[in-house]
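What follows is the residue order along each chain.
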Amino acid sequence: MSLTAKDVAVVKALWGKIGAKADDIGAEALGRMLTVYPQTKTYFAHWADLSPGSAPVKKHGKTIMGAVSAAVASIEDLPGAMSQLSELHAYKLRVDPSNFKILSHNLLVVLAIQFPSDFTPEVHVAMDKFLSAVALALSEKYR
Amino acid sequence: MVEWTDFERATIQDIFSKMDYESVGHNALARCLVVYPWTQRYFGNFGNLYNAAAIIGNPKVAAHGAVVLHGLDKAVKNMDNIKATYAELSVLHSEKLHVDPDNFRLLADCLTIVVASRLGTGFTADVQAAFQKFLAVVGAALRKQYH
């Protein structure tokens, strides 16, 4: 299920539209994930406030989206681009990779809410493929 | 027995009372067939599903989307007894249609995304949680008679 040239074009186009909203989108997706899939809160027990819109959630949403934006820029070589983050997630954070799918789903929900007319089924499938590829690159170093 | 909070009950009733079943059903099923193309295996007699435009414009997809969504009505009206309510449909999906139950989650995710785009900011995280819980319970009930 590798990315076609069309997928790459669609993802870059949508990312161009997202522009400065990226941080908010990341924060909202993270907040939704923590609410809708409470088991994901186990990874953030060290935060004072896990509610959507809280300072740690906003900050971390921005961090995540920064990484996703970097992935869009290096879309031709995701394993290479995500190598260090993969090591971080594998050896230090030890996030079960099934959670990447969960965050991806919530990112798609936020995109559907904020870009209802742009998020057509074709854009949806390209984004889903891209986020799956990012998740795969992130899982590279696990074992 | 599934415990529903007052908020969850009210949210589900509210979402479905305002829903355009035909449009949402059509969009959710079409989206599922485009985003997860292997689901097309269950619709061999639907004719042209060759690309996204064909799927979205296919009248059988539209009609069946509405059927599926109206099927959800049973659960909306029987929230305290979803398992028993879907016993027959579960047998149908297992014995006759041979649908891999993983697909229920795929369609549920597409339905969540369609409803999210219709409700916009009204689809808060808490509303999303209630909606996804509802769809998960329906999926589990549909899975119940598989063996």
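Residues numbered from 1 in each chain as written. Chains lettered and ligands numbered in written order. Predicted model: local features only at pLDDT ≥ 70, side-chain atom pairs only at ≥ 80, totals over all residues. Heavy atoms only, no water.

Asks: What is the right way to read the interface of chain B and chain A from this model?
Replies: The parts lose accessible area when they come together, and the size of an interface is often stated as this lost area. Each partner contributes to the interface: chain B provides 22 residues, whereas chain A provides 19 residues. At the boundary of chain B with chain A, total buried surface from both sides reaches about 1700 Å², with 66% on carbon and sulfur atoms. Three residues stand out in chain B for area buried against chain A, namely Arg31(B), Ile113(B) and Gln128(B), and they jointly supply 30% of the buried area on that side. Taken together, the connections running from chain B to chain A amount to zero salt bridges. For the pair chain B and chain A, the number of links is eight residue pairs in polar contact (both at pLDDT 80 or more). Secondary structure elements with two or more residues in the side of chain B that touches chain A: α2 (21-35), α3 (52-57), α7 (102-119) and α8 (125-143) of chain B. No other element matches the six residues that α7(B) contributes to the side of chain B that touches chain A. (Contact = heavy atoms within 4.5 Å. Buried area = accessible area lost by both parts, 1.4 Å probe. Salt bridge = Lys/Arg side-chain N within 4 Å of Asp/Glu carboxyl O. Polar contact = N/O pair within 3.5 Å; in protein donor to acceptor, adjacent residues only side chain to side chain. Helix = DSSP H or I, 4+ residues; strand = E, 2+ residues; numbered from the N terminus.)

Asks: Help me out: how do you make sense of the layout of surface pockets in this one?
Replies: Using a probe with the size of a water molecule, rolled over the atoms, empty space left in the structure can be pinpointed. Residues and elements named next belong to chain B. In this structure, the second largest pocket spans a volume of roughly 840 Å³. His64, Val68, His93, Phe104 and Leu107 are, among the 32 residues lining the second largest pocket, the residues nearest its centre. Only α2, α4 (59-77), α6 (87-96), α7 and α8 provide two or more residues apiece to the lining of the second largest pocket. Counting residues per element, the lining of the second largest pocket draws most heavily on α4, at eight residues. Of the residues that constitute the lining of the second largest pocket, the class distribution is 22 nonpolar, nine polar and one charged. (1 Å grid on protein atoms, 1.4 Å probe; cavity = no way out; pocket = protein on both sides within 12 Å on 5 of 7 lines; lining within 4 Å. Points joined across faces, edges and corners; volume = space filled by probe spheres on them. Nonpolar A, V, L, I, M, F, W, Y, C, P; charged D, E, K, R; others polar.)

Asks: What's the story with the nonpolar core in this structure? I'm lost.
Replies: Nonpolar side chains tend toward joint burial in soluble globular proteins. In this structure, Met127(A), Phe130(A), Phe16(B), Ile82(B), Leu111(B), Phe131(B) and Phe134(B) are the most contacted members of the largest nonpolar core, which totals 79 residues. At ten residues, the largest contribution of residues to this core is made by helix α6 (residues 98-114) of chain A. Non-local contacts of Ile82(B), meaning those with residues more than four positions away in its chain, are made with Trp4(B), Ala75(B), Phe134(B), Val137(B), Val138(B) and Ala141(B). Counting 16 residues, the second largest nonpolar core, distinct from the first, contains Val125(A), Leu29(B), Val34(B) and Phe43(B). (Core = buried A, V, L, I, M, F, W, Y, C linked by side-chain atoms within 4.5 Å. Buried < 20%, exposed > 50% of the residue type's maximum accessible area, 1.4 Å probe, protein only.)

Asks: Whenever I open this one, the pattern of salt bridges confuses me. Can you help?
Replies: A side chain of one charge can pair with a side chain of the opposite charge if their charged atoms are brought near each other. Residues and elements named next belong to chain B. Applying the stated criterion across every chain, the model contains eight salt bridges over all chains. Here Lys77 and Asp73 are joined by a salt bridge, their closest N and O atoms 3.8 Å apart. Separated by four residues within a single helix, Lys77 and Asp73 lie in helix α4, roughly one turn from each other. Its relative accessible area of 64% is what places Lys77 among the exposed residues. The exposure class assigned to Asp73 is buried, which follows from its relative accessible area of 16%. The partner of Arg105 in a salt bridge is Asp109, with the nearest N and O atoms 4.0 Å apart. Note that Arg105 and Asp109 are positioned in helix α7 at a spacing of four residues, about one turn of the helix. The exposure class of Arg105 is partly exposed, given its relative accessible area of 43%.

Asks: Explain the side chain of Asp7(A) to me, please; I cannot follow it from the model alone.
Replies: Looking at the secondary structure, you find Asp7(A) in helix α1 (residues 5-18). Filtering out sequence-adjacent residues up to four positions away, Asp7(A) remains in contact with Ser2(A), Ala126(A) and Lys129(A).

Asks: It is not clear to me how the packing of α4(B) against α8(B) should be interpreted in this structure. Could you clarify?
Replies: The angle between the axes and the distance between the axes are what describe a pair of packed helices. All names here are of chain B. At their nearest, the axes of α4 and α8 sit 11 Å apart, and the two run at 105° to each other. Classified by the interaxial angle, the pair formed by α4 and α8 is roughly perpendicular. Side by side, α4 and α8 meet where Leu72, Ala75 and Val76 of the first sit next to Phe134, Leu135 and Val138 of the second. Looking at the contact of α4 with α8, its residues break down into six nonpolar, no polar and no charged. (Axes fitted to C-alpha atoms, helices over the stretch in contact; angles between N-to-C directions. Parallel < 35°, antiparallel > 145°, perpendicular 65-115°, else oblique.)

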